[in-house]
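Breakdown of the fold
One letter stands for each residue in the lines below.
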Amino acid sequence: MDIEMIIYNALLMDPYIVEQASGRIKFYEYPESGSLEAPFIIIDPIDIPKPADLADDTWLTYDCLYQIEVWTKDRSTTKTLGEKVHQVLWKLGFKQNGGLSEYDSGIFRDARRFRGKLYREDFDIVAVSLNKEE
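Read on for a plain summary of the structure. All residue numbers refer to position in the chain's written sequence, counted from 1. Restriction of local features to residues with pLDDT of at least 70 applies here, the model being predicted, together with a cutoff of 80 or more for giving and counting side-chain atom pairs; totals for whole chains, interfaces and linings are based on all residues. Hydrogens and water are ignored here; the side-chain numbers use all heavy atoms of the structure.

Assignment of secondary structure puts Gly99 in strand E4 (residues 94-104). Burial status follows relative accessibility: with a 1.4 Å probe on protein chains alone, a residue under 20% of its type maximum counts as buried, one over 50% as exposed, and anything between as partly exposed. Residue Gly99 is classed as exposed on the basis of its relative accessible area of 53%. Counting along the chain gives 85 residues from Gly99 to Asp14, while the straight-line C-alpha distance between them is 22 Å. Beyond its immediate stretch of four places on either side in the chain, Gly99 contacts Ala111, Arg112 and Arg113. In this description a helix means any DSSP run of H or I spanning at least four residues, a strand means any run of E spanning at least two, and both kinds are numbered starting from the N terminus. Whether two residues are in contact is decided by their heavy atoms, any of which lying within 4.5 Å being enough.

Relative to the assigned elements, Lys73 resides in the loop between strand E3 (58-72) and helix H3 (75-91). Lys73 gets classed as partly exposed once you look at its relative accessible area, which sits at 45%. Sequence separation of Lys73 and Arg120 is 47 residues, and the distance between their C-alpha atoms is 39 Å. Apart from residues no more than four positions distant in its own chain, Lys73 is found in contact with Leu36, Glu37, Gly106, Ile107 and Phe108. Engagement of the side chain of Lys73 in a polar contact is seen with the backbone oxygen of Leu36, the distance being 3.2 Å. Pairs of N or O atoms are called polar contacts if they sit within 3.5 Å, as long as, within protein, a hydrogen donor faces a hydrogen acceptor (for residues adjacent in sequence, only side-chain-to-side-chain pairs).

Here we take up the pattern of salt bridges. When a carboxyl oxygen of Asp or Glu is within 4 Å of a side-chain nitrogen of Lys or Arg, the pair counts as a salt bridge. Enumeration over the complete set of coordinates arrives at six salt bridges. A salt bridge links Asp110 to Arg112, with the shortest nitrogen-to-oxygen separation between them at 2.9 Å. An identical accessibility class is assigned to Asp110 and Arg112; each is buried. One network of salt bridges, with partners in common, ties together Glu69, Glu102 and Arg109.

Moving on to the pairing of E4. One ladder, built from nine bridges, connects E4 with strand E5 (residues 107-119); its direction is antiparallel. Note on E5: the bridge partner recorded for Lys95 is Arg115. For two strands to pair, DSSP has to find at least two bridges joining them. Hairpin connection from E4 to E5: two residues lie between these consecutive antiparallel strands, with Ser105 at a positive phi of about 50°.

When two rings of Phe, Tyr or Trp (its six-membered ring) have centres within 6.5 Å they constitute a pair, described as stacked for plane angles under 30 degrees, edge-to-face for angles over 60, and tilted for the intermediate range. One pass over the structure, following the stated rule, counts four aromatic pairs. Ring geometry for Tyr30 and Trp71: centres 5.8 Å apart, planes at 50°, overall tilted. Of the two residues, Tyr30 is situated in the loop between strand E1 (25-27) and strand E2 (40-55) and Trp71 in strand E3; the sequence distance between them amounts to 41 residues. Residue Trp71 is classed as buried on the basis of its relative accessible area, which comes to 10%. Consider the rings of Tyr103 and Phe108, whose centres lie 4.6 Å apart with planes at 45°: the pair is tilted. Over the ring of Trp90 we find Lys95, and its NZ or CZ is 4.0 Å from the ring centre. As a reminder, the over-ring test applies to NZ of lysine and CZ of arginine, requiring each to be within 6 Å of the ring centre and within 35 degrees of the ring normal.

Let us look at the nonpolar core. As used here, the term nonpolar core means buried Ala, Val, Leu, Ile, Met, Phe, Trp, Tyr and Cys residues forming a set that is joined through side-chain atoms within 4.5 Å. Grouped together as the largest cluster of nonpolar side chains are 21 residues, with contacts concentrated most on Ile7, Leu11, Ile41, Ile68, Val85, Leu89 and Phe94. Contributions of two or more residues to this core are made by helix H1 (3-11), helix H2 (15-21), E2, E3, H3 and E5. For this core, the leading source of residues is E3, giving five residues. Discounting chain neighbours no more than four positions away, the residues touching Ile68 are Ile7, Ile41, Ile42, Ile43, Val85, Leu89, Asp110, Ala111, Arg112 and Phe114. Leu36, Phe40, Trp71 and Ile107 belong to the second-largest nonpolar core, a separate cluster that totals five residues.

Have a look at this one:
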């Protein structure tokens, strides 16, 4: 399951995020502060997805922890983009779990951490039920 792509594609569904950061939503890639001209969003896993929520000795979900950072030269834009990211991740089932807001070298940075669970893509409840009856 490519959770980073799930998050990335969900961010691209928000018109404001696309308007502000299209082409500058990256995985693990941080911009150089001196070269930042437009808003930049970084998707950064904090921990690997872990199996969670067991049923009949089978794990059902991935427990995930991600940090999504917004970097801009404008405080208001940073706050608005951070809030939009929060709304998008909320719809995916991720809840904000801390973060930080800072300013350095002309860059406003909003770094929010999100924890959430996603169901396995390969989980087939019918097959598991049938196997249990045998």
